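Analysis of the macromolecular model
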Amino acid sequence: MRITSIRFKAWLGTVSIALAMASSSALAADQIPIGHLADYSGGTSDVGTPYGQAVADTFAWINKNGGIGGKQVALDTNDYGYQVPRAIALYKKWSAADGKVSAIIGWGTADTEALTGFLAQDKIPDISGSYAAALTDPEGASGKAKPAPYNFFYGPSYSDALRAMLTWAAEDWKAKGKPGKPKFVHMGANHPYPNAPKAAGEALATELGFEVLPPLVFALTPGDYSAQCLSLKSSGANYAYLGNTAASNISVLKACKTAGVDVQFLGNVWGMDENGAKTAGDAADGVVFPLRTAVSWGGNASGMKTVMEISKMSDPTGKVYRPVHYVAAVCSAMYMKEAIEWAAQNGGTSGENVAKGFYQKKDWVPAGLEGVCNPSTWTEKDHRGTLKVDLYRAKVSGATEGDLNDLMGKGTIKLDKIKTVELPRKPEWFGW
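Since we're looking at a predicted model, the values are computed, not measured. Each residue is numbered by its place in its chain's sequence as written, counting from 1. Predicted model: local features are reported for residues with pLDDT of at least 70 only, side-chain atom pairs are reported and counted for 80 or more only, and whole-chain, interface and lining totals are derived from all residues. For the side-chain quantities, the full set of heavy atoms in the structure was used; hydrogens and water were omitted.

All right, on to helix H3 (residues 84-95) then. With 12 residues, H3 ought to run about 16 Å at 1.5 Å a step, and its terminal C-alpha atoms sit 16 Å apart, in line with that. Note on exposure labels: buried denotes an accessible area under 20% of the residue type's maximum, exposed denotes more than 50%, and partly exposed covers the range between, all computed with a 1.4 Å probe on protein chains only. Helix and strand assignments come from DSSP, with helices taken as H or I runs of at least 4 residues and strands as E runs of at least 2, each series counted from the N terminus. Taken residue by residue, H3 has Ala87, Leu90, Tyr91, Trp94 and Ser95 as its buried positions. The buried residues of H3 occupy an angular sector of 130 degrees when projected down its axis, which confines them to one face. What points out from H3, more than 90 degrees from its buried face, is the exposed set Pro85 and Lys92. Expected span, for any helix, means 1.5 Å times one less than how many residues it has. It is the directions from the helix axis to the C-beta atoms whose arc is reported.

Written out as structure tokens, the structure reads:
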């Protein structure tokens with residue numbers, strides 16, 4: 001009798017475990033898993049924090065409004081501290097057969113490029129915060145980058161953004177009637193992210209008639225860059241590209257202001273924003289940089305209402321000012337949402353099918369974000385979503401202490417659009 005009882009209990013335990021596993025599997029089947037790499041504590045956390053928050057807010061808002069195809073999104077957000085080994089470890093979890101994600105919202109250039117081959121092998125699409133041109137060639141046809149069929153990003157590549165700024169700079173030099181050749185210098189850390197557009201920028205600068213100076217290196221972290229500013233001053237540079245994120249660029253801007261450097265700074269897409277202008281103060285006045293979205297926070301666009309509703313997921317008061325990176329991240333996440341949505345309606349949300357979702361529309365703006373996200377088109381042969389680059393100038397006209405909402409509202413800090421450059425889709429510019 002006792003043996004039978006023990007056997008029955010053992011059988012009951014086995015059944016309970018099986019039921020629990022079945023229940024867990026059913027729960028997982030009712031969700032769409034997405035991996036999310038965020039930098040909240042590493043070298044690019046100044047811009048990574050608003051971007052990552054926007055991704056989290058967007059998918060929380062999507063879930064609140066019914067999910068995707070009736071399924072909730074299971075967003076696995078991880079702060080990887082901008083460390084490639086940690087990104088690879090997380091990828092191993094996300095690509096494992098028993099928990100394979102439908103997609104990844106990625107981040108940095110070094111980690112995205114390190115994962116490119118794995119993404120292709122495992123057929124997992126990644127819409128990254130890296131806009132390195134090496135990620136735009138799905139077939140490797142350019143001969144300048146390895147095939148990246150599962151890599152996507154929203155906005156112009158770093159290389160194309162720099163090409164647009166140099167096109168503007170050449171016109172600016174002529175408009176000012178300056179004599180001789182303008183001098184251009186690339187500045188940034190010796191790291192895959194700031195270096196990504198270096199060769200492309202220097203090649204076009206030479207073609208446009210600039211004298212290209214030796215690059216000046218400064219770290220991704222804030223510091224004392226007085227020496228670099230003195231070198232910049234003595235070089236006689238007229239246009240300087242800042243390849244790092246805003247935090248370290250601010251240190252350079254302040255040091256160069258103190259040193260009396262007279263140069264037109266060109267910031268990369270992560271190199272200047274409203275928070276950067278607030279922190280740098282008048283040292284940020286005049287910096288030219290690209291904007292990925294058609295408007296910034298609070299801009300006059302019907303889709304801004306959706307962005308503000310998404311923002312309330314982490315700010316119910318609606319009072320927090322969101323910088324340009326937050327708005328761009330909402331666009332990125334919503335492109336991913338619609339690609340998954342298409343997949344759900346056309347055979348299921350496998351990574352391979354989600355990637356196909358990116359090819360279904362031309363001049364694509366996610367629903368509800370009209371006037372906010374610039375139209376994008378990805379094809380199986382070309383992942384350059386856009387070649388239109390909107391250039392803005394940061395304007396600082398007074399003291400920048402206080403609330404950012406107030407500073408922007410009063411016009412103490414402004415982002416003024418100065419030019420839209422439509423770049424040609426040159427084959428020789430593909431992949432670099």
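After presenting the structure, the write-up continues.
Let us look at the side chain of Glu202. Inspection of the secondary structure assignment puts Glu202 in helix H7 (residues 198-207). In this structure, Glu202 is in contact with Phe184, His186, Val212 and Leu213, ignoring residues within four places of it in sequence. We call two residues contacting when some pair of their heavy atoms lies within 4.5 Å.

Between two packed helices, what matters for the description is the angle formed by their axes and the separation of those axes. Helix axes are fitted to C-alpha atoms over the stretch in contact, other axes to C-alpha atoms as well, and angles between N-to-C directions run from 0 to 180 degrees. At their nearest, the axes of helix H11 (residues 304-311) and helix H12 (residues 324-345) sit 11 Å apart, and the two run at 100 degrees to each other. With respect to their mutual orientation, H11 and H12 come out roughly perpendicular. Here Val307, Ile310 and Ser311 of H11 come into contact with H12, specifically with Tyr326, Val327 and Val330. Angle categories are assigned with fixed cut-offs, so that under 35 degrees is roughly parallel, over 145 is roughly antiparallel, 65 to 115 is roughly perpendicular, and the rest are oblique.

Looking now at the nonpolar core. Only buried Ala, Val, Leu, Ile, Met, Phe, Trp, Tyr and Cys residues count toward a nonpolar core, and they belong to the same one when joined by side-chain atoms within 4.5 Å. Core analysis: the largest hydrophobic core is formed by 104 residues, its most contacted members being Met187, Leu232 and Phe265. By residue number, the principal contributor to this core is H12, which donates 13 residues. In terms of nonpolar packing, the next biggest core, distinct from the first, is built from 23 residues, Met165, Ala169, Ala205 and Leu266 among them.

The next subject is the packing of helix H2 (residues 45-64) against H12. One can describe the packing of H2 onto H12 by two numbers: an axis separation of 8 Å at closest approach and a directional angle of 40 degrees. Classified by the angle between their axes, H2 and H12 sit oblique to one another. For the element pair H2 and H12, the recorded crossing hand is right-handed. Facing Val47, Pro50, Tyr51, Gln53, Ala54, Val55, Asp57, Thr58, Phe59, Trp61 and Ile62 of H2, the residues of H12 in contact are His325, Tyr326, Ala329, Val330, Ser332, Ala333, Met334, Met336 and Lys337. Residues of the contact of H2 with H12, tallied by class, amount to 14 nonpolar, 4 polar and 2 charged. Crossing handedness is read from the near helix: turned anticlockwise from the far helix by less than a right angle, it gives a left-handed crossing, and turned clockwise, a right-handed one. Nonpolar residues are Ala, Val, Leu, Ile, Met, Phe, Trp, Tyr, Cys and Pro. Charged residues are Asp, Glu, Lys and Arg, and all others, Gly as well, are polar.

As a further point, take the layout of surface pockets. Within this model, the largest pocket holds a volume of roughly 410 Å³. The distinction between a cavity and a pocket rests on a 1 Å grid over the protein atoms alone: a 1.4 Å probe fits inside a cavity but cannot get out, while a pocket stays open yet meets protein on both sides within 12 Å along at least five of seven lines, and a residue with an atom within 4 Å of a point counts as lining. For the largest pocket, the lining is made up of 20 residues, of which Val261, Asp262, Val263, Gln264 and Phe265 are closest to its centre. Every element with two or more residues in the lining of the largest pocket is listed here: helix H5 (158-175), helix H9 (246-259) and strand E10 (264-267). Among the elements that line the lining of the largest pocket, the one with the most residues is H9, at 3 residues. Classifying every residue of the lining of the largest pocket gives 9 nonpolar, 4 polar and 7 charged. Grid points are joined across faces, edges and corners, and a volume is the space filled by probe spheres set on the points.

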